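Residue-level structural notes
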Amino acid sequence: MCLAVPMKIVKIDSAGKALVKQDDLETEVDLTLIEDPKVGDYVIIHAGYAIDLLDLEEAQERLKLFRALEESG
Amino acid sequence: MSTSGRITLEHGSGGALSRQLTEQLIYPILKSEAYGELADATSFEIPGRVYITTDTYVVDPPFFPGGDIGTLGVFGTCNDLAVCGARPRYLTMGLVLEEGFPTSDLKRVLESVRRAADRSRVRVISGDTKVVPSGKGGGIFMNTTGVGEALGPHLLSVKNIKSGDKVLISGPIGSHGLAILAAREGLKIAASLRSDCAPLFPLCEALYSLGKDLRFMRDATRGGAAAVLNEAVANNSECGLEILETAIPVPGAVAAASDLLGLNPVEIANEGVLIAVVAPTAADKAISLLRSLDTGREARQIGAAAGRYPGQVILETAVGGRRILDLPRGLLLPRIC
Amino acid sequence: MSRSQASTSLKQVLQDRRLAEPLLQEIEKTAAEISRTVRIMEVCGTHTVAIRRSGIHSLLPGNVLLLSGPGCPVCVTPTSYIDNALQLLEGTDAVVASFGDMLKVPGSDGRNLAGYMGGGRVRIVYSPAELLPMAGAISGPLVFLAIGFETTIPTVAAAFLQARRAGLSNLYLYTAFKTVPPALRALLSSPDRRLDGFLLPGHVSVIIGEQPYGFLEEPGGVPGVIAGFEPLDLLQGILAVLRQIARGEQRVENSYTRAVRPQGNPKAREIMDQVLDPADALWRGFGEIQDSGLALKGEYREADAVPHFSLPPLYNLEPPGCACAQVLQGRLLPTECPLFGSSCTPEAPIGPCMVSSEGTCAASFRYGEAVL
């Protein structure tokens, strides 16, 4: 029920909207639901709104785990 | 004739204004050595077996990034001929204009038609224009009928496909349908995408030189690659297709926009992509032939025909699973779920 | 991984077959330890589709059954909601705006909203943010078909508040919002339920966090793992449920840690709370579930489409022979329904499970569980 995609904030305007980017795709999203967003943050986007930040460190940790599993297996 | 005005019902009535429209706006843009004068019919000669096809274009909006209804009207119909193994030669063009359609837009469309025709080396040699009352049309609708000459005696057909044959695609998918959707729905996402509208004849001519090793080819228009792949084996009781998801070329922006909109790139229309099925021994040659041409630079093999699931298209997914690659169903609409 | 390409490579890595291999082996091993048939239900239409699109079904051991629950907001919206929307189009001058998902859903006489698109009376939105310029550009009423679960609800609430601040008094909401935890409770309390674990919806959980699932750890509950949507996320989630079952554990676990915080998104919930109050809701296939919906607060009553347009209350009336209620509750597999694939297909859907492309039956049909 929830198509949502991570994209990176490249610009934030004064009206609470952000320009986000993924590959060559840029689009505008609303940041109203995010506490303290910053340029460079990755946000999860659903229906034109950022619904939360993506924790890249967590993502990295998880990937490390996957890779470790692959190597030991 | 001034192009600052709008089309009126009188322009389609057959009287003085109709003549003015045809003689002063439409014909000057389309005339050629093959279309030397305005008459009720135009004659031409084509040696040997002739192919004919017709298509009607109702694209909304009529102007979109990468092309317009005129570009589509020419390339679309020529491509239908090309994938059957025919060299497109002549087109007719029927227009249904809605009262109030700006004359300047009509001129733009006609100029697109001319440019596309010149690029495809075809001539528009007959046409007709009607006008419907405001509210009864979509601005502009276009029908083009195309005739072409057979490149050779070998007939392409899905019936030629056998287990072991290779499935090739000429280039990356998804741009056209997304560009139209974005333009029509005012979606800011995918605003940067452009239609891949292009003539496929050079690719088709190159593949046709493979003779019987070329089994079948089709342009992946409405319904996208998924529709063509399914068409290829729908009534085949001996083989189906097995396609590798990781082999299907999808531009990054198309993938990202599809993710956001809940669409599947393999179901999105293209206007510059073809799928071909060739004998296994001809696959490498076919790919290098395609890659030597402008619109085929990213051609590659995406799968093969196999006997395990006759009549079906099976996708081997990136993660190594298997599932059916179904025909698209219903309208292409953005989703939240 | 280079920063600027972080999320592309993330997606690619999470589909990598070589990284999936060890997870699949662990799944195989754990499933063999359990040995009996286990039924894991996912309650998110996006999970339903993600699992099938990635072909994961074909990779799981035979004793692991993945069931799809009522996680598709379109599927659980009663047909009378569509009837009422059609009534708005026929009996008023309202323009109706909707997410694309609802356009093809048939009302009780088979008609849908798509037919009104050409004339401009029905407009698709990708984002509720589009409602503001849309309301500003028309003189008459604009009614938004406000469906969705907790992932979507905050976006509608935010847009609604923005519209109010901009003085757009012609925007009305026809709400049919639903919340997930009450549905999970209803599934657990079903008498002949056979459920061994839940795969919990990743993006709903981004908003609500882990706490609302706490009742799963009480007597009568089952293990629940919050999972993401890429193939490796799904395998990870399934493995986590299997491990809990094998060890006799019954916990709420978060395996989508890059997106879901334990506390969820408090700001999003606060915005929802400003606009909406809990309400009972009617679920197609389930009937009424207490406090499983959200309705506009009293102070916003004048923007509520139901009283403003005197829309009749919703009711459920299923076509004869339709077994969706059982499918939605995981008591019947799509292939076990006598209508599946014969009189009920994606082209001519009879019940809600086939109507939406995220519906359990539609997904099963299209991705070929029955065949492969």
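Note that the structure is predicted; figures quoted are calculated from it, not measured. (Residues numbered from 1 in each chain as written. Chains lettered and ligands numbered in written order. Predicted model: local features only at pLDDT ≥ 70, side-chain atom pairs only at ≥ 80, totals over all residues.)

**Topic: the overall build of chain C**
Regarding its fold elements, chain C presents 14 helices and 11 strands. Expected size for 372 residues packed as a compact globule is a radius of gyration near 21 Å; at 21 Å, chain C falls within 12% of this value. In terms of overall dimensions, chain C has C-alpha extents of about 65 × 50 × 40 Å along its principal axes. Counting only residues that meet the buried cut, chain C has 58% of its 372 residues in that class. Restricting the contact set of chain C to residue pairs at least 6 apart, pairs at least 24 apart contribute 76%. (Helix = DSSP H or I, 4+ residues; strand = E, 2+ residues; numbered from the N terminus. Rg over C-alpha atoms; globule rule 2.2 N^0.38 Å. Buried ≥ 20, exposed ≤ 12 C-beta atoms within 10 Å, placed from the backbone. Contact = placed C-beta atoms within 7 Å.)

**Re the interface of chain A and chain C**
Taken together, the contact between chain A and chain C spans 33 residues of the former and 40 residues of the latter. Only β1 (5-12), β4 (42-46), β5 (49-53) and α1 (56-72) of chain A provide two or more residues apiece to the side of chain A that touches chain C. Per-element tally for the side of chain A that touches chain C: the top contributor is α1 of chain A, with 9 residues.

**Some remarks on the sheet that holds strand β3 (residues 95-99) of chain C**
All names here are of chain C. Pairing within the open sheet is mixed, and its 6 strands lie in the order β4-β3-β5-β6-β11-β10. Each edge of the sheet is formed by a strand with only one pairing partner; in this case those strands are β4 (122-125) and β10 (276-283). On average, adjacent strands in this sheet sit at an angle of 25° to one another, irrespective of strand direction. By the bridge criterion, 2 bridges tie strand β6 (residues 171-178) to strand β11 (residues 287-296) in an arrangement that is antiparallel. Within the sheet, the bridge partner assigned to K178 lies in β11 and is G293. (Pairing = 2+ DSSP bridges. Axes fitted to C-alpha atoms, helices over the stretch in contact; angles between N-to-C directions.)

**Here we look at the domain arrangement of chain C**
All names here are of chain C. Splitting chain C by domain gives domain 1 (16-321) and domain 2 (324-367). Summarising the inter-unit geometry, the C-alpha centres of domain 1 and domain 2 are found 18 Å apart. Those elements giving two or more residues to the side of domain 1 that touches domain 2 turn out to be β1 (38-42), α3 (45-53) and β2 (64-68). (Domains from an automatic or database assignment.)

**Description of the interface of chain C and chain B**
Contact with chain C, which involves 34 residues of that partner, is made by 23 residues of chain B. Those elements that provide at least two residues to the side of chain C that touches chain B are α2 (17-34), α3 and α14 (360-367) of chain C. Sort the elements by how many residues they give to the side of chain C that touches chain B and α3 of chain C lands first, with 3 residues. Of the residues in the side of chain C that touches chain B, the class split is 16 nonpolar, 11 polar and 7 charged. (Nonpolar A, V, L, I, M, F, W, Y, C, P; charged D, E, K, R; others polar.)

**A word on the nonpolar core**
Side chains of nonpolar character tend, in soluble globular proteins, to be buried together. Counting 263 residues, the largest nonpolar core has V43, I45 and A50 of chain A together with I275 of chain B as the members making the most contacts within it. Ignoring anything within four residues of it in the chain, the contact list for I45 of chain A reads A4, V5, M7, V20, V29 and A50 of chain A together with L260 of chain B. (Core = buried A, V, L, I, M, F, W, Y, C linked by C-beta atoms within 7 Å.)

**Examining the pairing of strand β4 (residues 86-98) of chain B**
Residues and elements named next belong to chain B. Most of β4 sits out of view: 10 of its 13 residues are buried. Pairing of β4 with strand β6 (residues 140-150) involves 11 bridges; the strand directions are antiparallel. Along β6, the bridge assignment pairs Y90 with V147. Where β4 and strand β5 (residues 123-132) come together, 9 bridges link them in parallel fashion. Opposite L97, over in β5, you have V131 as the bridge partner.

**Considerations on the sheet that holds β6 of chain B**
All names here are of chain B. The sheet built from 4 strands is open, its strands ordered β1-β6-β4-β5 with mixed pairing. Bordering the open sheet on either side are β1 (50-57) and β5, each of which pairs with just one other strand. Across the sheet, the mean angle separating the axes of adjacent strands is 15° when strand polarity is ignored.

**What about the pairing of β6 of chain C?**
All names here are of chain C. Of all 8 residues that make up β6, 8 are buried, and the element is covered over most of its length. Here β6 shows no split at all, with L171, L173, T175 and F177 on one side and Y172, Y174, A176 and K178 on the other all buried. The pairing of strand β5 (residues 142-148) with β6 spans 7 bridges and is parallel. Bridge pairing in β6 places G148 opposite F177. As for the winding sense of the linkage, the β-α-β connection from β5 through helix α6 (residues 153-165) to β6 is right-handed. (Right-handed = clockwise from strand over helix to strand, strands pointing away.)

**Quick notes on unusual backbone geometry**
What is expected of a backbone is that most residues other than glycine have negative phi and most peptide bonds are trans. Here the amide bond leading from D60 of chain B into P61 of chain B is cis, since omega sits at 5°, within 30 degrees of zero. Within the secondary structure, P61 of chain B sits in the loop between β1 and β2 (63-64). For D36 of chain A, which is not glycine, the phi dihedral falls at a positive 55°. Locating D36 of chain A in the fold gives a position in the loop between β3 (25-30) and β4. Of note, the phi angle at S310 of chain C is positive, near 50°, even though the residue is not glycine.

**As for helix α7 (residues 252-261) of chain B**
Summarising burial for α7 of chain B: 8 of the 10 residues are buried, a large majority. Among the residues making up α7 of chain B, those that are buried are A253, V254, A256, A257, S258, D259, L260 and L261 of chain B. Buried residues along α7 of chain B sit in contact with β1, β2 (17-22), β3 and β4 of chain A together with α4 (175-185) of chain B. Among the residues trailing α7 of chain B, G262 of chain B stands out with phi positive, at a value near 75°.

**A short note on the packing of helix α5 (residues 201-208) of chain B against helix α8 (residues 283-291) of chain B**
All names here are of chain B. Where α5 meets α8, the closest approach of the two axes is 9 Å, and the angle between their N-to-C directions is 150°. One element, α5, and the other, α8, form an angle in the roughly antiparallel class. As for how α5 packs across α8, the hand of that crossing is right-handed. Residues L203, A206 and L207 of α5 pack against A286, L289 and L290 of α8. Tallied by class, the residues present in the contact of α5 with α8 amount to 6 nonpolar, no polar and no charged. (Parallel < 35°, antiparallel > 145°, perpendicular 65-115°, else oblique. Left-handed = near helix turned anticlockwise from the far one by under 90°.)

**Some details on the confidence of the model for chain A**
It should be kept in mind that the predicted coordinates are not to be read in detail where pLDDT is low. The predicted model of chain A has a mean per-residue pLDDT of 90, with 97% of residues at 70 or higher. Across chain A, β5 of chain A holds the top mean pLDDT of 97, while α1 of chain A sits lowest at 85. (pLDDT = per-residue confidence, 0-100.)

**Looking at the packing of helix α1 (residues 16-30) of chain B against helix α3 (residues 103-120) of chain B**
Residues and elements named next belong to chain B. Two elements in contact, α1 and α3, have axes whose closest approach is 9 Å; the angle formed by their N-to-C orientations is 20°. As summarised for this structure, α1 and α3 are arranged roughly parallel, according to the angle between their axes. Crossing hand, α1 versus α3: right-handed. Contact with α1, carried on its side by L25, I26, I29 and L30, involves L106, K107, L110, E111, V113 and R114 of α3 and no other residues of that element. Residues belonging to the contact of α1 with α3 are distributed by class as follows: 7 nonpolar, no polar and 3 charged.

**Some remarks on the confidence of the model for chain C**
Here chain C averages 92 in pLDDT, while 97% of its residues score no lower than 70. This stretch, residues 1-5 of chain C, has a pLDDT under 50; its non-local contacts, to residues over four places away or in other chains, come to 2 contacts.

**A word on the environment of P78 of chain C**
All names here are of chain C. Inspection of the secondary structure puts P78 in the loop between β2 and α4 (79-91). Accessibility expressed as a C-beta count within 10 Å gives 23 for P78, which makes it buried. Not counting chain neighbours up to four residues away, the residues in contact with P78 comprise L282, R284, L314, Y315 and N316.

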